[in-house]
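In case you want the letters, here they are:
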Amino acid sequence: MATLSDARRLVVKIGSALLVDAADGSLRRDWLVSLAQDVARIKSRGTDVILVSSGSIALGRGVLNLPPSVLPLEQSQAAAAVGQIRLARAYEEALAPHDLTTAQVLVTLEDSTNRRRYLNSRATLETLVGFGVVPIVNENDTVATDEIRYGDNDRLAAQVAATVGADQLILLSDVDGFYSANPMHDPTAMHFPIIDSITPEIEAMAGDAGSGLSKGGMKTKIMAAKTATMSGCAMAITEGSSLHPLQALEDGARATWFTPQLDPHAARKRWIASMKPQGTLRVDEGAARALQRGTSLLPPGIVGVSGTFGRGDPVAIADATGRELGFGLTRYTATEAQAIKGHNSAEIEEILGYPGRAVVIHRDDMAI
């Protein structure tokens, strides 16, 4: 079973009910301060931490004195706009005493379904954690409509975990794990400490999306677990309303852990290798040897470009004779790659007329 102390890269999902007092819509500052202390302690041992936080609509609703009932879309978006700035400031103030810098990252469903935007989101998050920043990710509720919404932050958190190659995802919830039935209604409901495989029986126990214990219900948590575990990420559901919720989990608080099906790195490589390539980049002998050692593909090593592809599309990588070496997600279009092939990265801006990335395919976006 996974333990929090083992995490190398950790994503934590925080629900509105934990962060915002339901009675008056105010921020639970003491709880947030305790969470920040947990995050600082975890980061001090070298673990990357990304927070996926609800709360903007709940905070904005209180400021605007909106009713507790379901809001029309335009009022929900207005509440998100008012609440989001307060949410970001609250995290900044809570983490600053620990010398931790925060960043606000707002996303929509399109940022994961569109390959180019997916790669841009991934690059931004990777750069932020590389600087030691704690990103605060939320759905961009100020502009998201039903057609471009994740709909709940459980699934958003799972997608973020898959995007950044996290090895652990923690859903801080209003329930201490997965049960065979709703324990609030059925005293005989059985708690599952570990779930190694999400079977049809497990899915049936989760019920419908609206019948669970939190906003999205247990059904969405099972959907999140599927996404996380198939990307090589262990996931835990645990009750998070008490102070120091991550410390409590680390100390053995009751939870349900879902076992990852693959190593995160291997899972991503398999996903890339499964895509249909839209073109081919042929590389010289030196680049072929370097790729086998695990390096990124740079423009000087490319000797040929074929096919029609855009930024973020999958392409095959072949040696000068045409022998396939692997696959990758390109950061340049076919036209751009054709123009910069064989040139040093320092020449890219002069050739294209605008700055570009130093690599054509990053090693993390490549399966050799």
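Definitions and cut-offs
- Residues numbered from 1 in each chain as written.
- Predicted model: local features only at pLDDT ≥ 70, side-chain atom pairs only at ≥ 80, totals over all residues.
- Heavy atoms only, no water.
- 1 Å grid on protein atoms, 1.4 Å probe; cavity = no way out; pocket = protein on both sides within 12 Å on 5 of 7 lines; lining within 4 Å.
- Points joined across faces, edges and corners; volume = space filled by probe spheres on them.
- Helix = DSSP H or I, 4+ residues; strand = E, 2+ residues; numbered from the N terminus.
- Nonpolar A, V, L, I, M, F, W, Y, C, P; charged D, E, K, R; others polar.
- Pairing = 2+ DSSP bridges.
- Contact = heavy atoms within 4.5 Å.
- Axes fitted to C-alpha atoms, helices over the stretch in contact; angles between N-to-C directions.
- Buried < 20%, exposed > 50% of the residue type's maximum accessible area, 1.4 Å probe, protein only.

## Here we look at empty space enclosed by the protein
Here is step 1: For the coordinates displayed, the defined rule picks out two cavities of 30 Å³ or more.
Here is step 2: Roughly 30 Å³ of internal volume is contained in the second largest cavity.
Here is step 3: If you trace the second largest cavity, you find it lined by Gln84, Leu87, Ala88, Gln104, Ile136, Val137 and Asn138.
Here is step 4: Put simply, the parts of the chain that give the lining of the second largest cavity at least two residues each are helix H4 (73–95) and strand S4 (134–139).
Here is step 5: Residues that form the lining of the second largest cavity fall into these classes: four nonpolar, three polar and no charged.

## Let's talk about the sheet that holds strand S12 (residues 302–307)
Here is step 1: Strand order in this open sheet of five strands is S12-S11-S13-S14-S15, and the pairing throughout is mixed. Pairing within the sheet leaves two strands with one partner each, and these edge strands are S12 and strand S15 (366–367).
Here is step 2: Bridge analysis of strand S11 (residues 279–283) against strand S13 (residues 314–319) gives four bridges, and the strand direction is parallel. Across the sheet, Leu281 pairs through a bridge with Ile317, a residue of S13.
Here is step 3: Packed onto the sheet, helix H11 (residues 264–273) meets strand S14 (324–329) and S15 and runs at close to 100° relative to S14.
Here is step 4: Across the face of the sheet, helix H12 (residues 285–292) comes into contact with S11, S13, S14 and S15 while running at roughly 105° to S11.

## Some words on the sheet that holds strand S9 (residues 234–239)
Here is step 1: One open sheet accounts for eight strands, arranged S3-S4-S2-S1-S5-S9-S10-S8; its pairing is mixed. Of all strands in the sheet, those bounded by a partner on one side alone are strand S3 (102–107) and strand S8 (194–195).
Here is step 2: Together, strand S1 (9–14), strand S2 (48–53), S4 and strand S5 (168–173) form the strand contacts of helix H2 (residues 29–43), whose direction differs from that of S2 by roughly 155°.
Here is step 3: Most of the contacts of H4 go to S3, to which it runs at about 150°, and overall it touches S1, S2, S3 and S4.

## Considerations on the pairing of S9
Here is step 1: Counting buried positions over the six residues of S9 gives five, a clear majority of the element.
Here is step 2: With six bridges joining them, S5 and S9 adopt parallel strand pairing. Along S9, the bridge assignment pairs Leu169 with Met235.
Here is step 3: Taken together, the four bridges between S9 and strand S10 (residues 255–258) define a ladder with antiparallel strand orientation. By the bridge assignment for S10, Ala236 is matched with Trp257.

So far we have only geometry, and geometry alone does not tell us how the molecule works.
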